[in-house]
Amino acid sequence: MSETVTVLRAAALLTPEGAVAPAELAFDDAGRISYAGSPRPDAELPSEAEIRDLPGQVLMPGLVNGHTHSAMTLLRGVSDDEGFMPWLAAVQALEQHLTHDDVAAGLQLALVEMIETGTTAFADMYHWDAELIELVRSAGMRALIAPASFAPGIVGFPGVSPADGAAVTELTEQLAAHYADDAQISIAYGPHAPYTSPPEFLSDIAERAVARDIPIHTHVSESAAEVAQITERYGATPADHLESVGLFAARVLAAHCVHLTPGEIELFARTGAAISHNPVSNLKLGNGIAPLPEWQEAGIRLTLGTDSVASNNTLDLFEEIKTATILHRGARQDAAIVRASDVLDIATRRGAEAIGFPETGALEVGRLADVIALDITGAAATPFDPAALVSHLGFAATGADVRHVFIGGRHVYADGAHLTLDAAEIRTRAAASRARLAGLAASAGDASAADASSSPSV
C-alpha cells in the first residue's frame, strides 16, 4: 500500500536557515517532515501526494508555551490591579472552590485558546490526573505535565482531590511510568516554589527525580518579595537555596527567574537548567523585567511562556514574542540587544527542546510536523515582503492570524474550525463553571468575588 504524503504550499515558510518563498512543506503518514523548501513540480511529487494550497498564508513551526496553568482560564480577570501577593491570595481563595469538573472545563478552554492561536505544545503545572491528561491527548496537543504539590501533608486543591503533596508525588511517578513512551505527553514533578515547599520536601523530590530521570517544573524568584522571604528564612537567595537541597542535580524547568543574581545565572548555565521567560505576566503583576539578555549571553536553555490567564490574560504567544523582543530594547535603550529571530527560536525550536520535545520545533526534514499557517492578507501584513518574514512574525502577527494547525501531521484546526474539540460546548461549560465559582466566593464573603463576577472568562 502506498504511503500518503501531505503537501502544503504557501506564500512563505520559516526554516532554521530563514525564509523560503514561495514554499512547500511535505510530511508523511507518520507525521514526519519529508521536504521543506521551494515548490516542486507536481511530476516530482509522490503519486499518493495530497496537495493543499494555502494562498495568502505563511508556514512556521507550532509555538511552544513553556509555562502555564491551563485550568486557570476560569480565573481570567481576577484581581487585575493588585500586586503579586494580594493577587495570589485572591486567586487561591477562588481555587478552594474548584471541582474536578471545573478543572476539566478550564483545561479544555485553554486547549481551545492555545490551538486557535498557534500553540502546539505546552508545559503546565496544576492539578493533573490520567483523565485530564487524556483530554490533552485527544485534542492532539503535546504537553509536559507537572502535577502541582506543596508539602507532604498539604492538600493543594481540596475541592478537586484529597491528595496531599506526598500522594501527588506518588501519582507523578505512576503517570511518568504510564506515559513513558508517549509522543504527546511527558511528566514532571511540580513542587510549586521554594516559598511554599519546605526544604525536606524539595530534597526528597530532587532525589526521586535523579533516580527516576523525571524532570522538575517549579517557580523561582518570581517577585522581589519572594527573594526577600527566602533569603530571610534560609540565608540564601531562591536558586541558591534550591541548589543547597539538591534540586539542580535533576533536570529543571524554572518559571520566571526575574530576580536571579549573576551567580544564580551562572548556576543555571552550569547545570543545564531551563528557564521559562514570561514577560507579560511579570509585567502585569508588577514583578519586574527578567534579564533575558544576560540569560542568552550565558547560554541558558530558554523557552517562552504565558503563565496562566489569571496573570496575563491570554494564551496568545505572539504577544509574548513581541513583548519579549521590544521590552529589553526599551529598558536597555538598545534596539539590537534582543532580536526577533532569537525570540522566535526560543518560542519554537529552543522551547520544544527545553520542555522535552526535541523532535519538534523547526520545519526541517526528519522532524515531526508541528506546523501552523498564518494569514497574511490583512492590513497588518500589507505590503508583505517574504524577505521580512521574521519581522512580520516577530512584530505584527497575532494569534488571530492562525488559520491551520497540524501537530505531528494531524490536522487539528482548519480555517477557524476545531477538528478535535467541541469549542462551543467547551465555552458554555467554562462560563457555567466560572459563574458557579463567583457565586460560591460571594457567599463565602471573598472580596475577589466582585472581580470574578464582573469579568467574564469567555
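Rules behind the numbers
Residues numbered from 1 in each chain as written. Predicted model: local features only at pLDDT ≥ 70, side-chain atom pairs only at ≥ 80, totals over all residues. Heavy atoms only, no water. Helix = DSSP H or I, 4+ residues; strand = E, 2+ residues; numbered from the N terminus. Buried < 20%, exposed > 50% of the residue type's maximum accessible area, 1.4 Å probe, protein only. Contact = heavy atoms within 4.5 Å. Domains from an automatic or database assignment. Buried area = accessible area lost by both parts, 1.4 Å probe. Salt bridge = Lys/Arg side-chain N within 4 Å of Asp/Glu carboxyl O. Polar contact = N/O pair within 3.5 Å; in protein donor to acceptor, adjacent residues only side chain to side chain. Nonpolar A, V, L, I, M, F, W, Y, C, P; charged D, E, K, R; others polar. Axes fitted to C-alpha atoms, helices over the stretch in contact; angles between N-to-C directions. Parallel < 35°, antiparallel > 145°, perpendicular 65-115°, else oblique. Left-handed = near helix turned anticlockwise from the far one by under 90°. Phe/Tyr/Trp six-rings, centres within 6.5 Å; stacked < 30°, edge-to-face > 60°. Lys NZ or Arg CZ within 6 Å of the ring centre and 35° of its normal.

Colleague: Just to check I follow, could you spell out the environment of alanine 340 for this structure?
Modeller: Here alanine 340 is to be found in helix α12 (residues 340–346). The class of alanine 340 is buried, set by a relative accessible area of 6%. Separated by 12 residues in the primary sequence, alanine 340 and alanine 352 have C-alpha atoms spaced 17 Å apart. When neighbours within four sequence positions are excluded, alanine 340 is seen to be in contact with Thr325, Arg329, Val390, Gly394 and Phe395.

Colleague: I keep staring at the domain arrangement of the protein chain and nothing clicks. Help me out?
Modeller: Size of an interface: often given as the accessible area lost when the parts come together. In terms of domains, the protein chain is made up of domain 1 (5–61 + 363–418) and domain 2 (63–355). Taking only C-alpha atoms into account, the centre of domain 1 sits 29 Å from that of domain 2. On the side of domain 2, 25 residues touch domain 1, which itself brings 23 residues to the contact. In total, domain 1 and domain 2 occlude about 1900 Å² of area from one another, counting both sides; carbon and sulfur atoms represent 67% of this. The largest contributions to the domain 1 side of the interface with domain 2 come from Phe395, Ile407 and His418, which together make up 29% of the buried area. Taken together, domain 1 and domain 2 are joined by one salt bridge. For arginine 142, the salt bridge identified is with aspartate 370, shortest N-O distance 2.7 Å. Connecting domain 1 to domain 2 are five residue pairs in polar contact (both at pLDDT 80 or more). Taken together, the elements giving at least two residues each to the side of domain 1 that touches domain 2 come down to β5 (49–61), β15 (371–375), α14 (389–395), β16 (402–407) and β17 (410–414). Split by residue class, the side of domain 1 that touches domain 2 holds 15 nonpolar, five polar and three charged.

Colleague: Sorry if this is basic, but what is going on with the pattern of salt bridges here?
Modeller: Between side chains of opposite charge, pairing is possible as soon as their charged atoms come close. Counted according to the given criterion, the structure contains 24 salt bridges. In this structure, arginine 76 engages glutamate 113 in a salt bridge whose closest nitrogen and oxygen atoms are separated by 3.1 Å. Here the residue arginine 76 occupies a position in the loop between β6 (63–68) and α1 (84–95), and glutamate 113 occupies one in helix α2 (residues 100–116), the gap between them amounting to 37 residues. Of the residues examined, arginine 76 reaches a relative accessible area of 14% and is grouped as buried. Looking at glutamate 113, the relative accessible area reads 13%, which means it is buried. Residues glutamate 116 and arginine 427 are paired through a salt bridge, measuring 3.2 Å at the closest nitrogen-oxygen approach.

Colleague: Sorry, what's going on with the packing of α2 against helix α15 (residues 423–443) here?
Modeller: Helix-helix packing is described using two parameters, namely the angle between the two axes and the distance between the axes. Running from amino to carboxyl end, α2 crosses α15 at an angle of 135°, the nearest separation of the two axes being 9 Å. The angle between α2 and α15 places the two elements in the oblique class. Crossing handedness for the pair α2 and α15: left-handed. Each of Asp101, Asp102, Ala104, Ala105, Gln108, Leu109, Val112 and Glu116 in α2 lies in contact with α15, whose residues at this interface are Ala423, Ile426, Arg427, Arg429, Ala430, Ser433, Arg436 and Leu437. Counted by class, the contact of α2 with α15 contains eight nonpolar, two polar and six charged residues.

Colleague: So what exactly am I meant to see when it comes to the packing of aromatic side chains here?
Modeller: Each pair of aromatic rings is reported with the distance of its centres and the angle of its planes. The final tally for this structure, using the stated rule, is three aromatic pairs. For the pair phenylalanine 248 and phenylalanine 268, a centre-to-centre distance of 5.2 Å together with 70° between the ring planes defines the contact as edge-to-face. One end of the pair, phenylalanine 248, is in the loop between α7 (238–244) and β12 (252–256); the other, phenylalanine 268, is in helix α8 (residues 262–271), and 20 residues separate them in sequence. For the pair formed by phenylalanine 248 and phenylalanine 268, the shared burial category is buried. Its guanidinium or amino end placed over the ring of tyrosine 35, arginine 40 lies 3.9 Å from that ring's centre, counting from NZ or CZ.

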